[in-house]
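The residues making up each chain are set out below.
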Amino acid sequence: MSYQSMEEAQTRCEKEGIEFWKAVQLEDADERGVTEADSWKEMKRMWQAMLDGLDAYDPELMSRSRMVGKEGGLVDAYRAAGDTLCGDFMAKVMSNALKMGCNNACMKRIVAAPTAGACGVMPAVLVTYYREYDVPEEKMIEALYVAAGIGQIIANRAYLAGASGGCQAEVGSGSGMAASAICHVKGGSTPQIGHACAMALKNLMGLVCDPVGGLVEVPCVKRNVGGAFNAIAAADMALAGIESQIPVDQVIDAMKEVGDKMDVSLRETGIGGVAGSLRAAEVVARMNM
């Protein structure tokens, strides 16, 4: 999956008359020296792990710091009351993003897509849609290839780690990957997939990585909700025919530039942003008692 740009991948799609997901699968099989069937089997395993991860959520389990764990259950109860601002489907997206983030904090099995800190974004978007609208599993596995291809391009041109580029590289990248993936599920073209990613990335550009106590919990878990909602909005805009005036490859390059200029205190060190607030200091002191 070593495309260096979306432009390169799109050129192959046009030349060979294939969809973006297939171009990613072919590259993966060639790079790892496996068959297309073996590649598909591995991606299906990843998909099943996302499904299993959400099903394993326990609203009674709290992280060791006691900062997170119950949030997914709280949103489930709120949704059941039928009075959400954003509607039933988006409330499920919110709940699932929180559940997977809490699973990570509680040491449960997750799929780092693209990182553990952003593990709730893609399942919140893809699994929720899959279960809500009874989409064929094959289409969802194709969507994972789309996300993987986008993630690899971002990794090749910029960052996926918060320590390198801030949370724009984690939740931001996860949001771009999810936007592209759900765009594919909804029948989006390869150019629309790129526009969806570009708009999602632009919306979260400059997002800092400021974990309280250095733990992937606050504000990380709740930030996954923002990434998931942003992905759906970006995909809907692309599907509506809205185009990013800045090509996705150039947006990724801009994200790298912003990350390079970001002060080190805002890149996962736990000393800047909300991690440097008075309340954060109190929380950390309590954990160390």
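Quick summary incoming for the structure in this document. (Residues numbered from 1 in each chain as written. Predicted model: local features only at pLDDT ≥ 70, side-chain atom pairs only at ≥ 80, totals over all residues. Heavy atoms only, no water.)

## Observations regarding unusual backbone geometry
Going from Ala 113 to Pro 114, the amide bond is cis rather than trans, its omega being 5 degrees. Looking at where Pro 114 falls in the secondary structure, it is placed in the loop between α5 (88-105) and α6 (121-133). Looking along the chain, the bond that leaves Val 218 and enters Pro 219 is cis, with omega of 5 degrees. Inspection of the secondary structure assignment puts Pro 219 in the loop between α10 (190-204) and α11 (220-239). Positive phi values are uncommon outside glycine, yet Met 107 reaches one of about 65 degrees. The topology assignment puts Met 107 in the loop between α5 and α6. The exposure class of Met 107 is exposed, given its relative accessible area of 74%. (Helix = DSSP H or I, 4+ residues; strand = E, 2+ residues; numbered from the N terminus. Buried < 20%, exposed > 50% of the residue type's maximum accessible area, 1.4 Å probe, protein only.)

## Section: the side chain of His 195
Here His 195 lies in helix α10. Apart from the residues within four sequence positions on either side, His 195 is in contact with Ala 238, Ile 242, Glu 243 and Ser 244. (Contact = heavy atoms within 4.5 Å.)

Such coordinate-based values are descriptive only and should not be taken to indicate function.
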